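As a plain string of letters, each chain reads:
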Amino acid sequence: MSAEALHLAVIAVVGLAVAYKAADLLRAPRPGHWALWSALLALLLALALGLRTVGGLLDAVLPGAGWIVQHELVVGGTFALQAFFVHSTHPPHRVPTALRSRAALTGTGMAVLLAAWLVATQVESPDWGRVDWGRQPWTAAANLLFVLGVAGCLLVNTRLTAHWARIADRRWLRRGLWLLTTGGWCCVAWAGHRACFILGGRFGTPPPWNQTFPELTLLAIGLSTAIVGITLPAWGPRVDAARTWLAHYRSYRRLTPLWHALRTATPTIELRSPTPWWHMEYRLYRRVIEIWDGRAALRPYRDPTPGELSATAEAESLRTALRAKLDGADPHPTPAPETHRGTTDLAAEVGWLESVAAVGNWR
């Protein structure tokens, strides 16, 4: 994959996250949601400006404008992300105080970065997309200031998310925080890689490999992992719900042969009120009830047996009773005793009935 294709892939991932969180924002427009969406939007715009065709539009108006707008967006995005963390972890009355200190630090960083950019633009008139680290010290300093500032914010964030991941009591939240921490460390590695190239180029000892592709790779992995981590607590439980639905559906299908055989012998066991297909747990619950009703209807045709039966013996006893009833045999004067003591645990009952249904042919 080329560097440009990788860049576009990262933009696509962040764009999907912006759209996904916009839906969350419409459902619950809370300050924390606004902050997170703003951070993602700032990152998306910054990545778009990193494309020469997009950043070049600003450069055509003011040389170097694409670079400074892009990097100020990243700094502003780090503040928005900090605001999201503050809203997520601080009581409402402490939020303004916590945000003021962070806003002051971020504003100072943005002002210093702007000043460095102005000096570099006036003194060196660089091509910000292809900086000569050794011969353009002011431009190199502006880049290094940005990288170190972002690295500092990332280090603070990753320490916080790692701490919260260790104490989170919700499984999907804990997983999301660990992914966010992992993505943060990848982005720290990106910052470290770029700082090494800036300093190495400045002092004539750059690393002996291409700078662009490794940085885009680290950025792609870091941002993708972090975005999955940010969104995971929202859609992760839906994965659990889907897995539960599939498990109930499989059990529902496995019980179908047994249920069909019992319904053939006693059609009245089938409840007539329709059940939506998406309420699979309820459909499974009804199927278990109907099977129990069908078993109860066969008790007069079953031979008395002492104690509870194994799944194999239960299946054989039911098949014998089914044949007797369908052949028109006379029922026993006294119904046979129950061969399985039921419980209120749906999973346990489903498991036992699946074992019965799996033995032999019910057709």
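Our structure is the block above this text.
## Considering unusual backbone geometry
And step 1. Even without being glycine, Ser125 reaches a positive phi, approximately 45°.
And step 2. Position of Ser125 among the secondary structure elements: in the loop between α5 (95-124) and α6 (137-167).
And step 3. Accessibility expressed as a relative area gives 58% for Ser125, which makes it exposed.

## Here we look at the pattern of salt bridges
And step 1. Under the defined criterion, the tally for this structure stands at 15 salt bridges.
And step 2. Between Asp127 and Arg52 there is a salt bridge, and its shortest N-O distance comes to 3.7 Å. Of this pair, Asp127 sits in the loop between α5 and α6 while Arg52 sits in helix α3 (residues 52-61), and the two are 75 residues apart along the sequence.
And step 3. Note that Arg135 is salt-bridged to Asp132, the shortest N-O span being 3.9 Å.
And step 4. A relative accessible area of 35% means that Asp132 is categorised as partly exposed.
And step 5. Sharing partners across several salt bridges, the network here consists of Arg295, Arg302, Glu314 and Glu338.

## What about the layout of surface pockets?
And step 1. Of the volumes computed, that of the second largest pocket is approximately 640 Å³.
And step 2. Lining of the second largest pocket is provided by 23 residues; of these, Phe84, Ser88, Arg170, Leu173 and Pro233 occupy positions nearest its centre.
And step 3. Elements supplying a minimum of two residues to the lining of the second largest pocket: α2 (31-49), α4 (65-89), α6, α7 (171-202) and α8 (212-265).
And step 4. Per-element tally for the lining of the second largest pocket: the top contributor is α4, with five residues.
And step 5. Each residue belonging to the lining of the second largest pocket can be placed in one class, and the counts come to 13 nonpolar, seven polar and three charged.

## Comments concerning the environment of Glu349
And step 1. Looking at the element boundaries, Glu349 is found in helix α11 (residues 346-357).
And step 2. A sequence separation of 222 residues divides Glu349 from Asp127, and the C-alpha atoms of the two residues are 72 Å apart.
And step 3. Those residues within four positions of Glu349 in sequence are excluded, and the remaining contacts are Val288, Trp292, His340, Arg341, Gly342 and Thr343.

## Overview of the packing of α8 against α11
And step 1. The geometry of α8 relative to α11 is characterised by a closest axis approach of 9 Å and an angle of 50° between their N-to-C directions. With respect to α11, the element α8 is oriented oblique. Note on packing geometry: the crossing formed by α8 with α11 is left-handed. Of the residues in α11, those in contact with Ser251, Arg254, Leu255 and Leu258 of α8 are Val350, Leu353, Glu354, Val356 and Ala357.
And step 2. The class makeup of the residues in the contact of α8 with α11 is six nonpolar, one polar and two charged.

## Quick look at the environment of Val356
And step 1. Within the element layout of this structure, Val356 appears in helix α11.
And step 2. Not counting residues within four places of it along the chain, the set of residues in contact with Val356 comprises Leu258, Ala311, Glu314, Ala315, Leu318 and Trp362.

## As for the nonpolar core
And step 1. Core analysis: the biggest nonpolar cluster contains 58 residues, and Val14, Leu47, Trp67 and Phe146 have the highest contact counts within it.
And step 2. Elements supplying a minimum of two residues to this core: α1 (3-27), α2, α4, α5, α6, α7 and α8.
And step 3. At ten residues, the largest contribution of residues to this core is made by α6.
And step 4. Non-local contacts of Leu47, meaning those with residues more than four positions away in its chain, are made with His7, Val10, Ile11, Val14, Leu219 and Leu223.
And step 5. With 26 residues, the next largest nonpolar core counts Leu258, Ala265, Val288 and Trp352 among its residues.

Rules and cut-offs
Note on numbering: residues in each chain are counted from 1, in written sequence order. In keeping with the model being predicted, local features are shown solely for residues with a pLDDT of at least 70 and side-chain atom pairs are shown and tallied solely at 80 or more, while totals for entire chains, interfaces and linings include all residues. Each side-chain value is worked out from all heavy atoms of the structure, with water and hydrogens disregarded. Strands here mean DSSP runs of E at least two residues long; helices mean DSSP runs of H or I at least four residues long; both are numbered from the N terminus. Only protein chains enter the calculation, and the probe is 1.4 Å; a residue is then buried if its accessible area is under 20% of its type maximum, exposed if over 50%, and partly exposed in between. Put simply, a salt bridge is a Lys or Arg side-chain nitrogen that is within 4 Å of an Asp or Glu carboxyl oxygen. Buriedness for pockets is judged along seven lines, at least five of which must meet protein on both sides within 12 Å for an open set on the 1 Å grid over protein atoms alone, while cavities are sets there where a 1.4 Å probe fits but cannot get out, and lining residues have an atom within 4 Å of a point. Grid points are joined across faces, edges and corners, and a volume is the space filled by probe spheres set on the points. Ten residues, namely Ala, Val, Leu, Ile, Met, Phe, Trp, Tyr, Cys and Pro, are considered nonpolar, four, namely Asp, Glu, Lys and Arg, are considered charged, and the remaining ones, Gly among them, are considered polar. Note on contacts: a residue pair qualifies if any of its non-hydrogen atoms lie within 4.5 Å across the two residues. Between the N-to-C directions of two axes lies an angle of 0 to 180 degrees, each axis being a line fitted to C-alpha atoms and, for a helix, fitted only over the stretch in contact. Roughly parallel covers angles under 35 degrees, roughly antiparallel covers those over 145, roughly perpendicular covers 65 to 115, and oblique covers all other angles. When the near helix sits turned anticlockwise from the far one by under a right angle, the crossing is termed left-handed; a clockwise turn instead gives a right-handed crossing. Nonpolar cores are built from buried Ala, Val, Leu, Ile, Met, Phe, Trp, Tyr and Cys residues. Side-chain atoms within 4.5 Å join them into one set.

Honestly, that's just the spatial picture; any functional story needs more than this.
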